[in-house]
Amino acid sequence: MAKNIYMDLQKRKDLNLRLGNLILAIFLATVPTAITYGTLSIHGLNICRNLSSKVNDSNKIKETCDKTAWETTKSYIILIGFFITLPTWMWFYLSVKNKELSSK
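Being a predicted model, the structure only gives us computed values, none of them experimental. Note on numbering: residues in each chain are counted from 1, in written sequence order. Reporting of local features is limited, given that this is a predicted model, to residues whose pLDDT is at least 70; pairs of side-chain atoms are given and counted only at 80 or more, and all residues count toward the totals for whole chains, interfaces and linings. Side-chain metrics in this entry use all non-hydrogen atoms of the structure; hydrogen atoms and water are not considered.

### With respect to the overall build of the chain
Operational definition: Strands here are runs of E lasting at least two residues and helices are runs of H or I lasting at least four, both read from the DSSP assignment and numbered beginning at the N terminus. Every radius of gyration here is taken over C-alpha atoms, with the globule rule written as 2.2 Å times N^0.38, N being the number of residues. Categorising residues by exposure relies on relative accessible area from a 1.4 Å probe, with only protein chains included: less than 20% of the type maximum marks a residue as buried, more than 50% marks it as exposed, and the intermediate range marks it as partly exposed. We call two residues in contact whenever any of their non-hydrogen atoms come within 4.5 Å of each other. None of His or the chain ends enter the tally, which takes Lys and Arg as positive and Asp and Glu as negative. We put the charge of a Lys on NZ, of an Arg on CZ, of an Asp on CG and of a Glu on CD.
What the chain contains, in helices and strands, is three helices and zero strands. From first element to last, N terminus to C terminus, the chain shows the α and β order α-α-α. Relative to the globule expectation of 13 Å for 104 residues, the C-alpha radius of gyration of the chain, 23 Å, shows a markedly less compact shape. Dimensions along the principal axes, computed over C-alpha positions, put the chain at roughly 80 × 25 × 15 Å. For the chain, buried positions account for 23% of its 104 residues. Of the contacts formed within the chain by residues at least 6 apart in sequence, a portion of 83% connects residues at least 24 apart. Both charge centroids of the chain, one from 14 positive and one from 7 negative side chains, sit 9 Å from each other.

This is the structure in structure tokens:
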């Protein structure tokens, strides 16, 4: 019985550790995610600018291309955030977990 209570407390503590570190990782990943999003947006707009300088009727192409570049970048924001947050979260979680194990 005591072992079950200890296991339940340990599972609860581990869940709290995972959730807390996930929240921290999401918070800390906002800046790199924003930087990546901005960089991809600028890259897309530069492609559009270069394309419009080489084609006739460039105003219409540039407008369409700029809109498409922004839409494409927006569609990747969740994926960018995920791939930046996941390793951050794992690093935090494993660091704290290893610290706990070494202190026992």
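### A look at helix α3 (residues 77-103)
How we decide: The span one expects for a helix is its residue count, reduced by one, times 1.5 Å.
Taking 1.5 Å as the rise per residue, α3 with 27 residues should run 39 Å; its terminal C-alpha atoms sit 39 Å apart, in good agreement. For α3, the full list of buried residues reads Ile80, Gly81, Ile84, Thr85, Trp89, Phe92, Tyr93, Lys97 and Glu100.

### Points about the pattern of salt bridges
Under the convention used in this document: A pair is scored as a salt bridge if a Lys or Arg side-chain nitrogen falls within 4 Å of a carboxyl oxygen belonging to Asp or Glu.
Within the structure shown, the criterion is met by one salt bridge. One salt bridge in this structure joins arginine 18 and aspartate 14, with 3.3 Å as the shortest N-O distance. Placement of both arginine 18 and aspartate 14 in helix α1 (residues 2-53) is noted, with a separation of four residues, approximately one turn of the helix. Accessibility expressed as a relative area gives 37% for arginine 18, which makes it partly exposed.

### Observations concerning the packing of aromatic side chains
Applied cut-off: Centres within 6.5 Å make a pair out of two Phe, Tyr or Trp rings, where for Trp the six-membered ring is used; the pair is then stacked when the planes are under 30 degrees apart, edge-to-face when over 60, and tilted otherwise.
Going through the model one piece at a time under the given rule, you end up with four aromatic pairs. Between tyrosine 37 and tryptophan 70 the ring centres are 6.5 Å apart and the planes differ by 50 degrees, which places this aromatic pair in the tilted class. Pair noted here: tyrosine 37 is in helix α1 and tryptophan 70 is in helix α2 (residues 58-75), with a separation of 33 residues, a long-range link. With centroids separated by 5.3 Å and ring planes inclined at 75 degrees, the aromatic side chains of phenylalanine 82 and phenylalanine 83 adopt a geometry described as edge-to-face. Judged by its relative accessible area of 52%, phenylalanine 83 is exposed.

### Topic: the environment of isoleucine 5
Tracing the backbone shows isoleucine 5 in helix α1. Along the primary structure isoleucine 5 and threonine 33 are separated by 28 residues, whereas in three dimensions their C-alpha atoms are 41 Å apart.

### Considering the state of the cysteines
Here is the rule: Here, a disulfide means two cysteine sulfur atoms that sit within 2.5 Å of each other.
For the structure shown, the criterion picks out one disulfide. The disulfide bridge from cysteine 48 ends at cysteine 65, spanning 2.0 Å between sulfur atoms. Taking the sign of the S-S torsion, about -80 degrees here, the bridge from cysteine 48 to cysteine 65 comes out left-handed. With cysteine 48 in helix α1 and cysteine 65 in helix α2, the pair connects residues that are 17 residues apart, well separated along the chain. This pair shows no difference in class: cysteine 48 is buried, exactly as cysteine 65 is.

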